[in-house]
Each structure stands twice: as structure tokens, then as C-alpha cells.
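Structural overview for review
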Amino acid sequence: MKADLVKLIQHALDDLSTQGVFSAEGMREPMVERTRDPAHGDFATNVALIHSKAAKIPPRELAEKILAALPDAPWLAHAEVAGPGFINFRLSADAHLTVVASILDQGEQFGRSNPAQRQKAHIEFVSANPTGPLHIGHGRGAAYGSAIANLLEAIGYDVYREYYVNDAGRQMNILATSIWLRYLELVGETVKFPTNAYKGDYIWDIAATLHREHGEDYRHPADQVHANLPADEPDGGNKEQHIDAFIERAQQLLGDSAYQTIFQLGRHVILADIRDDLARFRVNYENWYSEQGLFDSDAVTQTIERMRQENLLYLKEGNWWFRSTDYGDEKDRVVVRENGSPTYFASDIAYHLDKIERGFDRMINVWGADHHGYAPRVKAALKALNHDPKCLDVLLVQFAVLYENGEKKSMSTRSGEFITLRELRKDVGADAARFFYVMRKSEQHMDFDLDLARSQSNDNPVYYVQYAHARICAVLRQAKEKGYPTRITPGIQNLTRLTEPHESNLLKTLARYPETLHNAATQAEPHQLVHYLRELANELHTYYNAHQFLVTDEALRDARLKLILATRQVIKNGLALIGVEAPEKM
RNA sequence: GCGCCCAUAGCUCAGUUGGAUAGAGCGUUGGCCUCCGAAGCCAAAGGUCAGAGGUUCGAAUCCUCUUGGGCGCGCCA
């Protein structure tokens, strides 16, 4: 409808241009938007205001000329010049009604678009280190990333969701060592647990599994374990050096094979936990991509070699540096350390090159806001290797700060003091959690009020939208009990009976759904959809309170049932995109 | 010190990419169930859009500066 209006205005402008009234050269497509105030009609355009200067005609006068040149259209009831030079349009009554028929006809497809040429989009999100369970901070990335993926799919992308598993770094060695130490405690050794090791309860669980499966095979006396290690932080030493020495000691005493057994057990158990947790959160991936795999396949070495050959690297103080400043980064970055081991950045370059090679038109990375400084260097690497950095979008998600009983809760994976996503999900349910996470703009710092999310009360906005859906279902059950036909007649017949203001508001809001979906998807802002759904639910509730649907007048009843059925469909479609269920009863 | 993000009602947040009189929820106050689900509806009160300049027909929105907060500035991932 909006697009038709744009065409109409364009037509008028072209006419005026050929008449020599003013030059349409270099003009943008006219902008049409929905009016905020119903008194201004349904749509408005500001073309006259924008072009008045170039045309050397006062805005109102220009608007009159455009209006006069506007071709007739059956769906357009009225157009007029208003205010400083806006042109307001009012649609015919029938034009508003067609949306109901479209919704009922298209069902779950309503609002989705299917372009002739489908683009392939890769979206990487969550990608937390497999060193512990997901916590509440990861939840926001999961809900947000998954909503973006669904939205892009809805506007016609082929979407490929991927979790990048950072299973190659030092953190994983700390994990393996932490498990081994807890295991030693289980078998009766008295060890001193390092400051920097992982302290969460889940480490005990994995250690217990290790003990169950391997008995005392990996037991070494505590004094051997601790012999000649550099001091830990509380003893006046350095905690980083201490843990690194500890890792080396573990590898030394256990030997490669045993160490790998523990390492892989940890990786496997935690990854399985993350995978299960996300699946229950209705977040699923096409692929889980291992960073270690990039090393095993030599992709990292090949990437480094290629960069070296293309003279993108230089040697300084034993390290290989990438000249990222030449490509827009703040400073150069090390890709190979003095000891020959590649940095995380090196494998990340290899990873992004691999994404491009897999043939994606677009890449989207959802990162926590603390990684924002990292984006320029990845883009710099892409640019240096002759790829357009614009094919990569980095979407940053700000932290969610937890509040409980009005108090801020601190979180740290290392210390084990955190609320897991699983706990949250069990506590408030996947619906409320997902709804809450995407309710806010992603770049907005979010206060996650645990008490509110937990509450089963009307303070909780997710229920409000779900209730609208359930309420419509209840009306239909009632209709059946009363013996009214619930099979809805096709087409727009009877719909002309929808003349109440509440009804026309609802019709207009329903018609806005495809635009809302499109905007939310292209701008990566699922919160727009959430706000829309709240508004739609509000209009349904208002309508419900103002009018009876199951009236004896058959034509009117049919019309109203069609309207609420269409509303139910849109609520269901919208909720599905943010991963929230639309219950028939609550 | 440099860079990124943010600042809108008592609280939590929207604001259709520069449009017409800045909107919701919660909280506060008052009203609505002999009627399809009251997890609902209606109404009232509540604002110097952090501050100051600038850009123009028009600014919460764009530019500059100031103030106040979050984050980043490893050869950690």
C-alpha cells in the first residue's frame, strides 16, 4: 500500500518535471510515512517540503501542484495539503479491510517476504568459551541473535546459524587443570586450588565423572603436584604465572594421552550442557564450528603464510605483527607470538576467511559490548585480504545487569558466582526470558529485574501479549459452545460492517505488521517487533472490553470473528519470531 | 590520555532514521465484571528530551563543545 502510494507520487513528480515546473533530476524516492495523528489521514509525505527550495516554489504551493498532478486510484479516498506543506492521504474504507483477508489467506506466511533472489546470511552468536555453563549475560546474545536470525529468514534470507567454539586456547587448559585438581581432591589428595582456576560447582561434577569412569588412574601425590611451583597471588606471587605453571605440571605428570582425556571430557561435557541449554531456550544452530579444527586443518598456518607473502606482516622483537593500522585499526596487532604460537586473532582471521569461502553474502557477528574494540581489527584483516569489510556486520549487545531485591548482582565465571541461563530459564520460563531480553534495544544497557521476570503477575509484559492470544482462543471456544459457525467465510464480505473506531484502529495496526517486520529485520532491532506486539495486544484488549464479538447479527459476528482471528494470527507470527509461544490457554 | 556506547516522566524504556501537540508499562489517584477469560479496560496526575551553541521551513533525532555514567585500549579468549 505504501509502495503504491510512492509510485503515485513519483508519477506526479515526473509529470511536473516534464511540464518544466521543476527539475526532478537527482531526486530521491519520495518518502511516505504513516501518520502519527489519525487526524492527518493514513499516510503523509513531505516531498513538497524537501523540494521546495530546489524548485524555488513555496512548500504549500508546490504541494498543491503535486496534488493536482496526482493520478486517481480506487483505494485512495482523499488527499489534501496540510500544515507547512505536507500532503496527507486517506485510504478508502475497503482498502483497510483487505488486510484481514490477506492475513487469513496467508496464515503463517503473512508478513514474510520472498525475494526473487535469496541472499545467504551467516550469523554467529553466543560463541561463549566452553569453560562453563552459559550465564545470564550470554542469554541476551542468544535471544537477540536468534531473533535476528528468525527475522532475516522472514524477509527472505537463507540463514545459517553458527556457534564458534573457542576450544583452542589457554582457557581450555585452565579448565582441564581445574577438573584434574578437583579430581585429586575427590580421591583424597589435599591440593591448593589456584586463584585463577575455575571454581564453579560444575567442575566438581565433571571431576566426579572422571573419577567414576577412570577410578584413581590420574592420581598423583599432592606434594609432587605442588613441588617448586611459583607462588600464587595470595602468597605474594602472580596468579597468571602460577596457573600457567600449574597447567604445565598437569601435562607433565599426566602425560599427553591422560591430559587429553581430561581436556576432552571437560570440553565435551560443557559443550553438551551449552547445547542442551540453548535448545531448551529455543536457540538452534546449523553448525558448531571448532576453533581447534582450524588448527588441525592447517587453515591458521596457511592464513598466516598468506599474510606473510602478501607483506601484511612484519617481525618485531620476535613477534609477527599485522599492519592493521594501514587498514583502519588503532594499532598493529600480534598474530604470531615469539614462541611461535598463533594468537586468537590469527585463528579468527582464518575463521572469517573460511566464512567467506563458504559463500555467504553477509556475515553477522553478535558480540558482547566488551568486544567492541575487536571489530576494527577483524575488518582490517578482511580489507587487507581484499574483501569488502562491509560484508561483515558486528552487532554489539550491551551487558545485562542483574537486579534482585533491588540490588545489583555481580558476576564472574572464574569465581563461580553467577546465575546460569538454565537457572533463569527454570525460574521465569523460556518465554519470559526471551521476551525480556529482546524487549530493549541491544545497544541499551539493560537492567534485568529478576523479581519482575519471575513474577506471574500482570507486571510481566510477556503475559499481556500471550493473554491477547489466549483470549481470542477463548472467544472461539465460546462461539463453538454457543453453536455459532466458526468456519469463516472467505473474502472480504461482511467486513464492511467493521465501522467502530476500535475496529479501524485494529485494522490499521494489522496492516502495519509487514513493515514492522521488515524494519526490525533490516535494522537488526527485534525490540521494534516486541513493541508492536504490545500495541496490537493493547488494541485487542481495548476492543474486547468495548464490544461484544459473539452477537446475534450473523454478518457482524462473522466480520468481528474474522478480525480477531486475523489478530490472533499476527500475534502468533510475531511471537514465533522472537521465540515465544502463543498459548491457547493460560 | 585516546576510542566506542549511553543520558527522554518518580522507576524501566519507546520514539517510524529530520516531521505536525514527545509516548507506553510499572508506581500513584479514581472508576469498570447479572455481559465472549479482570493476567483485562477507562480516566487523571506526572517533561527545560543532561547542559550550551550550531545546521534549516522544522531537531529528542544531525554537527561541535561541556557534564555525568558504562565498556575498551594483552602477545586473554
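What you see is a predicted model; the values in this text were computed from it and never measured.

Cut-offs and rules
Throughout this document, residue positions are counted from 1 along each chain, in the order its sequence is written. By the order in which they are written, chains take letters starting at A while ligands take numbers starting at 1. The model is predicted, so local features are restricted to residues of pLDDT at least 70 and side-chain atom pairs to those at 80 or more, both for listing and for counting; the totals for chains, interfaces and linings are taken over all residues. Note: side-chain values were computed over all heavy atoms of the structure, leaving out hydrogens and water. A run of DSSP states H or I qualifies as a helix once it reaches four residues; a run of E qualifies as a strand once it reaches two. Both are numbered from the N-terminal end. Three labels apply to residues, based on accessible area from a 1.4 Å probe with only protein chains included: buried if under 20% of the type maximum, exposed if over 50%, partly exposed otherwise in between. A contact between two residues is defined here by any heavy atoms of the two lying within 4.5 Å. Note on areas: these come from Shrake-Rupley sampling with a 1.4 Å probe, and a residue is covered only by the protein chains present in the view. Residue proximity to a molecule or strand is established when one non-hydrogen atom of the residue lies within 4 Å of it. Polar contact is defined as a pair of N or O atoms within 3.5 Å, subject to the rule that within protein one atom must be able to donate a hydrogen and the other to accept it, and that residues adjacent in sequence are counted only when both atoms are side-chain atoms. The nonpolar core is taken to be a set of buried Ala, Val, Leu, Ile, Met, Phe, Trp, Tyr and Cys residues, with the residues joined through side-chain atoms within 4.5 Å. Where a domain begins and ends is set by an automatic assignment or by a domain database. One requirement defines pairing of two strands: DSSP has to find at least two bridges between them. Orientation is described by lines fitted to C-alpha atoms, with helices fitted over the stretch in contact, and by angles between N-to-C directions that extend from 0 to 180 degrees. For Phe, Tyr and Trp, where Trp contributes only its six-membered ring, two rings pair if their centres lie within 6.5 Å, and the inter-plane angle classes them as stacked under 30 degrees, edge-to-face over 60, or tilted in between. Only lysine NZ and arginine CZ atoms are considered, and such an atom sits over a ring when it is within 6 Å of the ring centre and within 35 degrees of the ring normal. Candidates for patches are residues over 30% relative accessible area with no salt bridge; among them, like charges are joined within 9 Å and nonpolar side chains (Val, Leu, Ile, Met, Phe, Trp, Tyr) within 5 Å. Every case where a carboxyl oxygen of Asp or Glu lies within 4 Å of a side-chain nitrogen of Lys or Arg is listed as a salt bridge.

1. Some thoughts on the overall build of chain A
Along its length, chain A carries 20 helices and 15 strands. Summarising its shape, the C-alpha atoms of chain A cover approximately 90 × 65 × 40 Å along the three principal directions. In chain A, which comprises 586 residues, the share counted as buried stands at 51%. A sequence separation of at least 24 residues applies to 72% of the contacts in chain A between residues at least 6 apart. Working note: accessible area of chain A is about 27300 Å², and carbon and sulfur atoms make up 47% of it.

2. Some details on the protein's contact with RNA strand B
Taken together, 64 residues lie near RNA strand B, and Arg36, Asn319, Tyr464, Tyr467 and His547 sit nearest. Among atoms of RNA strand B positioned within 4 Å of the protein, sugar and phosphate together represent 62%. For RNA strand B, a sugar or linking oxygen lies 2.6 Å from a polar atom in the side chain of Lys331. For RNA strand B, a base nitrogen lies 3.1 Å from a polar atom in the backbone of Phe549.

3. Observations concerning unusual backbone geometry
Located in the positive-phi region is Glu317, a residue other than glycine, with phi close to 50°. Relative to the assigned elements, Glu317 resides in the loop between strand S8 (313-316) and strand S9 (319-322). Exposure remark for Glu317: the relative accessible area of 63% places this residue in the exposed category. Positioned with a positive phi, Asn494 is a non-glycine residue whose angle comes to about 75°.

4. Section: the nonpolar core
Grouped burial of nonpolar side chains is what soluble globular proteins tend to show. Counting residues in each nonpolar core, the largest one holds 132 residues, and the members touching the most others are Tyr163 and Leu278. Element by element, the count of residues in this core is highest for helix H9 (residues 239-280), at 15 residues. Counting contributing residues, this core receives three or more from each of domain 2 (97-115 + 458-577) and domain 3 (170-263). Residues in contact with Leu278, not counting those within four places in the same chain, are Val126, Leu134, Ala142, Tyr163, Val283, Tyr285, Trp288 and Leu421. The next biggest cluster of nonpolar side chains, apart from the first, holds 31 residues, and it includes Leu313, Phe322, Leu385 and Cys391.

5. Considering the sheet that holds strand S3 (residues 76-82)
Spatial ordering of the open sheet is given by S1-S2-S4-S3, a layout of four strands whose pairing is antiparallel. Lying at the two open borders of the sheet, with one neighbouring strand each, are strand S1 (32-34) and S3. This sheet shows a mean twist of 25° between the axes of neighbouring strands, independent of strand direction. Here S3 runs beside strand S4 (residues 86-91); their pairing, made up of six bridges, is antiparallel. The residue bridging Leu76 from the neighbouring strand is Leu91, located in S4. The strands that helix H1 (residues 2-18) touches are S1, strand S2 (43-45), S3 and S4; relative to S1, the one it contacts most, it runs at about 145°.

6. So, the packing of aromatic side chains
What the rule picks out here adds up to 20 aromatic pairs. With a centroid separation of 6.2 Å and an interplanar angle of 40°, the aromatic rings of Tyr164 and Tyr289 are classed as tilted. One end of the pair, Tyr164, is in strand S6 (residues 158-165); the other, Tyr289, is in strand S7 (residues 287-290), and 125 residues separate them in sequence. Judged by centre distance (4.8 Å) and plane angle (45°), the rings of Tyr543 and Phe549 are tilted. Given the relative accessible area of 4%, Phe549 is considered buried. Pairwise contacts between aromatic rings join Phe322, Tyr327, Tyr344, Phe345, Trp367 and Tyr374 into one cluster. Positioned above the aromatic ring of Phe360, the side-chain terminus of Lys120 is 5.2 Å from the ring centre. One residue, Arg308, lies across the ring of Trp320, its end atom 4.4 Å from the ring centre.

7. Here we look at a nonpolar patch on the surface
A grouping of Leu49, Ile50 and Phe86 is seen on the molecular surface, where their side chains present a nonpolar patch of about 220 Å² in accessible area. Looking at the element boundaries, Phe86 is found in strand S4.

8. Notes on the sheet that holds strand S10 (residues 333-336)
Spatially, the three strands line up as an open sheet ordered S8-S9-S10, and their pairing is antiparallel. Looking along the sheet, the strands with just one partner apiece sit at the ends: S8 and S10. Averaged over all pairs of adjacent strands, the angle between their axes in this sheet comes to 45°, without regard to strand direction. Pairing analysis gives four bridges linking S8 to S9, with the strands arranged antiparallel. By the bridge assignment, Lys316 is partnered in S9 with Asn319. Against the sheet, helix H11 (residues 299-309) touches S8, S9 and S10, its axis set at about 90° to S8. On top of the sheet, helix H12 (residues 344-357) reaches S9 and S10; it is set at about 80° to S10, its chief contact.

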